[in-house]
Amino acid sequence: MSDLTAQHIGFLDQHLGTKRDLFHQSTRVLYSSLTQQCSQLESHIQNLLTKRAVSWISRSFKAKSSLQQLTFNLQNLSLRTSPHGIGSKRFQRVLNEELPRLAKELNRIESVRSYLQAAVQLEALVGDLEDAALFVMACHTGNMFSVKLSISSISADTARKHDKLLQAIKYMNDIEELLITAVKFHPQWHCLLRSVDIRVDKIVAALRPQVFADHRALLASLGWPPKLIPSKNESEQTTGLPNPLVLMQEDKRRNYSQSFIALCALQHLQNRREERQLNNLMKREKQNIQLWAIDELVSPIASRMEYHFAKWTEQPEYIFALAYKVTKDFITGVDDVLQPLIDKARLISFSAKEAWVSAMVRMLSGFLGKKVFSFLAERYKVKHLKPETLSSWLHLIDLIIAFDKRMQSLVNLDTCFLAESESFEGLSSGMSVLSIFCDRHDWLKIWAKIEFKNAWKKLSAELKEEKAWVFSNKGKSGVDTDQEYLLSTIEDHKAPPIAESFLKIIWEMIEHCQTMPSILSRAQFIRSTTGRFLWYFFKILLLQFKGTELCPDNSDDVAIVRACRLINAARYIWVKLQEWSDTVDFLEMKIAENDSGKCIPDDIMDKGCFYDEEIRSLSEMETNWLMDIIVVVLRQFEMLSWEYVQNKDNFEEDQDDTNLVIVEEAVDLVVSIDFVEALDILKSRLNIVKINLNTKDFLDLWRSIAEGLDHYISGSMVRSEIRFSKMGINQFEADMQALIFIFQPYCARPQAFFPCINEILKLLKLKKQEV
């Protein structure tokens, strides 16, 4: 009443004195009175438009006279330039002054004409829309479905009202087409657009509740909502709940179809208007699967279901069971009856199944958010109630995940190849009860903390197992091939079981949020759970490596074996994180984080990797630990071969020429005694590492060891300034062949990795003339 003026209130008081007048004589009196007023307004508008038109016609006469004068001037203009230049100046004046001024005036007149034409069209359409909307609102369809009225009167009134409603929607669509064109080509008409939008908004605000009320009254006359739990006799006869949509008679089916299509058309129109008002004429990125007509089916069911839900807050499995049963029992009828109507309404990419399931999911999400999660969030703050709250929260999440998968299977019921997939992509990704957490970041944080504590509890139990860090190796023999590097199982990486258990726990947390509709919320949850969990496990790996007691003085192989297992664990986790980061889901989450304005350090090269920082940390740990093993092996070799390198007598003793050949033949099979132990320990260490280290890291390790040995031996020989005898040259060559032979199982030509030693041998074998 606050929006009505004194004139409107006086008009209503004059014609509607009592409630009885509202139902008996008001229709004829109002109709005649409003018709008279509309005719008066129409004549007034015509007179106003006539005056405006005459005004603009007079302007056009002036423009016509200007054109005639211009034509006369052009005809009398001499195009030949006189010796004094009089014709040239006259022509330049016409081109530079009169023509631009005339073009500007014509352009202004055309703009005014276009504006006037659009205003007249919009005024006519808005007037027709007001007439049609007034007729629809004057009909009290709420009483049309009463049993006291005759069937013929119901049918006639419903048909007239439906026709007027469709006319109103058509007028609104025509108005919207004109407004979209105006926004695109004439953005300066913002005052006209705003005035039309205000009038149409008022009409829609008054018309939409009436259309919804009529649709609800029609549903009630059909017997909707049905019984949620059948009686004992009904349960013996039928396996599912009776669906009033399937049991409709022909006349009621026709009325419901018309009301459903009209509601869909009104929603489509509203979506178009919102897109234009938001300056978004492009196609929406996310397709909306919500339909008002199907929401009206769910709304009365929700009130009945929430009555039962309220009794089962301590037993949520019953809540999900009832929601799934009702959704499943009616989904076939909804698809058979409503999908043809959706197609008839030309709503592209809309599915009755998806809209029905989505509406049921939203209903259940709303109840859980108001009655269950709010209660658990308050209990989580109480210290002595926290353990019980953790178990209840995790149990509820498990039920939600199972429920989401079952609801997804209902949507994919007729699509076998989609039903086999457990992924939630496309339109179906919005049908998740986990949407509760998208708008409640405080609950999302609580859930992440609970998941992290539960994961840490699982990992602690795994760490207590004796075989957590022990890998039952089935070593591969033979020369390495590149094909081995393509494998990614835990056996290929020779990682301990704890690495697989750790990744399994992480993946469970990722799967728990996989159906969350918001990509950014999903990324925040994964960062708070798996990201934090990864850093905790990295600390465990570092502590484990510090306890290996890996040093050159330790001749025990246990330390090297433990170090290899830790490297394998880091390598395996690194590979898996890289695989996950390359998937579409993680790439979308990374893009969502970047778009949200999250700060990214400049030194990060690959900004598209979700686990980039964690992967770089793992790679750094792996490299450092490999270097520690390499240093230990080289230091042990250096300590054991020190006497061999420093003893010049092994290479400077002279032999007479008569025994040289015999000695050369014997030396080919003999290695220096001081060098044997170093070679033996080196071979033993490489075999141990080969058995326990993954193929990729072992390749880098033995090549680095070979490079280090090459520099160590060649540098020691140069610094010692040894004067090699012929016997010494042969002895050195035999020792180096024995060293290179140790790397023979790992490479076809290991001598290529000892370039400095090879150069020394070449120099030693040169003759004096060649030197």
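The rules behind each value
- Residues numbered from 1 in each chain as written.
- Predicted model: local features only at pLDDT ≥ 70, side-chain atom pairs only at ≥ 80, totals over all residues.
- Heavy atoms only, no water.
- Helix = DSSP H or I, 4+ residues; strand = E, 2+ residues; numbered from the N terminus.
- Buried < 20%, exposed > 50% of the residue type's maximum accessible area, 1.4 Å probe, protein only.
- Contact = heavy atoms within 4.5 Å.
- Areas by Shrake-Rupley, 256 points an atom, 1.4 Å probe, with all protein chains shown as cover.
- Axes fitted to C-alpha atoms, helices over the stretch in contact; angles between N-to-C directions.
- Parallel < 35°, antiparallel > 145°, perpendicular 65-115°, else oblique.
- Left-handed = near helix turned anticlockwise from the far one by under 90°.
- Nonpolar A, V, L, I, M, F, W, Y, C, P; charged D, E, K, R; others polar.
- Phe/Tyr/Trp six-rings, centres within 6.5 Å; stacked < 30°, edge-to-face > 60°.
- Salt bridge = Lys/Arg side-chain N within 4 Å of Asp/Glu carboxyl O.
- Expected span 1.5 Å × (residues − 1).
- Core = buried A, V, L, I, M, F, W, Y, C linked by side-chain atoms within 4.5 Å.
- pLDDT = per-residue confidence, 0-100.
- Patch = residues over 30% accessible without salt bridge, like charges linked within 9 Å, V, L, I, M, F, W, Y side chains within 5 Å.
- Lys, Arg positive; Asp, Glu negative; His and termini not counted.
- Charge placed at Lys NZ, Arg CZ, Asp CG, Glu CD.

Focus on the overall build of the chain
Of regular secondary structure, the chain possesses 28 helices and zero strands. Looking at the 771 residues of the chain, the share that counts as buried comes to 41%. A separation of at least 24 residues holds for 78% of the contacts in the chain among residues at least 6 apart in sequence. Surface summary for the chain: the accessible area is close to 43800 Å², and the carbon and sulfur share equals 55%.

Re the packing of helix α19 (residues 558-581) against helix α21 (residues 612-640)
Where α19 contacts α21, the two axes come as close as 9 Å, and the packing angle between them is 155 degrees. With respect to each other, α19 and α21 are oriented roughly antiparallel. Where α19 crosses over α21, the handedness of that crossing is left-handed. Packed against α19, whose contacting residues are Ala563, Cys564, Leu566, Ile567, Ala570, Arg571, Ile573, Trp574, Leu577, Gln578 and Ser581, the element α21 presents Glu614, Ile615, Leu618, Ser619, Glu622, Trp625, Leu626 and Ile629 at the interface. Of the residues assigned to the contact of α19 with α21, the class counts are 13 nonpolar, three polar and three charged.

Details of the packing of aromatic side chains
By the definition in use, this model includes 35 aromatic pairs. Aromatic pair Phe309 and Phe367: ring centres 5.2 Å apart, planes at 55 degrees, arrangement tilted. Of this pair, Phe309 sits in helix α9 (residues 292-309) while Phe367 sits in helix α11 (residues 352-380), and the two are 58 residues apart along the sequence. Both residues of the pair, Phe309 and Phe367, count as buried. Grouped by ring-pair contacts, the aromatic residues Phe452, Trp456, Trp469, Phe502, Phe533, Tyr536 and Phe537 constitute a single cluster.

Structural notes on the pattern of salt bridges
Counted by the stated rule, this structure contains 26 salt bridges. A salt bridge links Glu110 to Arg113, with the nearest nitrogen and oxygen atoms 2.6 Å apart. One end of the pair, Glu110, and the other, Arg113, are both in helix α4 (residues 86-138), three residues apart, so they sit about a helical turn from each other. Using a relative accessible area of 37% as the deciding quantity, one classes Glu110 as partly exposed. On the accessibility criterion, Arg113 (42% relative accessible area) is partly exposed. For Lys576, the salt bridge is made with Glu579, and the minimal N-O distance between the two is 3.5 Å. Of the two residues, Lys576 and Glu579 are both situated in helix α19; the distance of three residues between them amounts to about one turn of the helix.

What to know about unusual backbone geometry
A negative phi angle characterises most non-glycine residues, just as the trans form characterises most peptide bonds. The omega torsion of the bond from Trp224 to Pro225 falls at 10 degrees, within 30 degrees of zero and hence cis. Among the secondary structure elements, Pro225 is positioned in the loop between α6 (190-221) and α7 (232-237). Look at Lys494: it is not a glycine, yet its phi comes out positive at around 55 degrees. Assignment of secondary structure puts Lys494 in the loop between α16 (490-493) and α17 (497-512). A positive phi angle is found at Glu549, which is not glycine, with a value near 55 degrees.

Looking at α17
In a regular helix each residue adds 1.5 Å, so 16 residues correspond to 22 Å; α17 covers 23 Å between its end C-alpha atoms and thus fits that length. By the burial criterion, the buried members of α17 are Ile498, Ala499, Ser501, Phe502, Leu503, Ile505, Ile506, Met509, Ile510 and His512. Each element contacted by the buried residues of α17 is listed here: α12 (386-411), α15 (441-463), α18 (519-546), α19 and α20 (584-595).

Some thoughts on the nonpolar core
Core analysis: the biggest nonpolar cluster contains 199 residues, and Trp356, Phe437, Leu739 and Phe743 have the highest contact counts within it. Per-element accounting of this core gives the leading share, 16 residues, to α11.

With respect to the side chain of Ser672
Mapped onto the secondary structure, Ser672 falls in the loop between α24 (660-667) and α25 (673-692). In this view, Ser672 contacts Tyr644, Gln731 and Asp735; residues no more than four positions away in its chain are not counted.

Re the environment of Ile573
Within the element layout of this structure, Ile573 appears in helix α19. With relative accessibility at 0%, the residue Ile573 sits in the buried group. For the pair formed by Ile573 and Leu618, sequence separation is 45 residues and the distance between their alpha carbons is 8.1 Å. The contact partners of Ile573, leaving out residues within four places of it in the chain, are Ala499, Phe502, Leu503, Leu534, Phe537 and Leu618.

Here's the deal with the confidence of the model for the chain
Averaged over all residues, the pLDDT of the chain is 81; the fraction at 70 or higher stands at 78%. When mean pLDDT is taken per element in the chain, α15 scores highest with 95 and α24 scores lowest with 39. Low pLDDT (under 50) marks residues 78-86, which in the prediction has four contacts with non-local residues, meaning those over four places away or in another chain. Note that pLDDT drops below 50 for residues 600-606; the model gives that stretch six contacts with residues more than four away or on any other chain.

Considerations on a nonpolar patch on the surface
On the surface, Ile45, Leu49 and Val120 cluster together into a nonpolar patch covering about 190 Å² of accessible area. Within the fold, Ile45 resides in helix α3 (residues 26-75).

Examining the environment of Ile742
Here Ile742 is to be found in helix α27 (residues 726-742). Sequence separation of Ile742 and Ser684 is 58 residues, and the distance between their C-alpha atoms is 9.7 Å. Contact partners of Ile742, with chain neighbours within four places excluded, come to Leu679, Leu682, Lys683 and Leu686.

A look at the packing of helix α8 (residues 250-277) against helix α10 (residues 316-344)
Between α8 and α10, the shortest axis-to-axis distance is 10 Å and the interhelical angle comes to 50 degrees. Classified by the angle their axes make, α8 and α10 are oblique. Judged by the twist between their axes, the crossing of α8 over α10 is right-handed. Taken together, the residues of α10 that come into contact with α8 (itself represented by Arg253, Tyr256, Ser257, Phe260 and Ile261) are Val337, Leu338, Leu341, Ile342 and Lys344.

Examining a positive patch on the surface
A cluster of basic side chains, namely Lys445, Lys449, Lys453 and Arg532, defines a positive patch on the protein surface. In terms of residues, the positive patch owes the most to one element, α15, which gives three residues. Within the secondary structure, Lys445 is located in helix α15. Take Lys445: its relative accessible area is 57%, and that puts it in the exposed class.

Notes on α15
Its 23 residues place the ends of α15 32 Å apart at the C-alpha level, agreeing with the 33 Å of an ideal helix rising 1.5 Å per residue. Buried residues of α15: Trp443, Leu444, Ile446, Trp447, Ala448, Ile450, Glu451, Phe452, Ala455 and Leu459, and no others. Next to the buried residues of α15 lie α11, α12, α14 (436-439), α17 and α18.

Some thoughts on the environment of Arg719
Locating Arg719 in the fold gives a position in helix α26 (residues 695-720). You can call Arg719 exposed: its relative accessible area is 62%. Placed 73 residues apart in sequence, Arg719 and Gln646 show a C-alpha to C-alpha distance of 9.9 Å.

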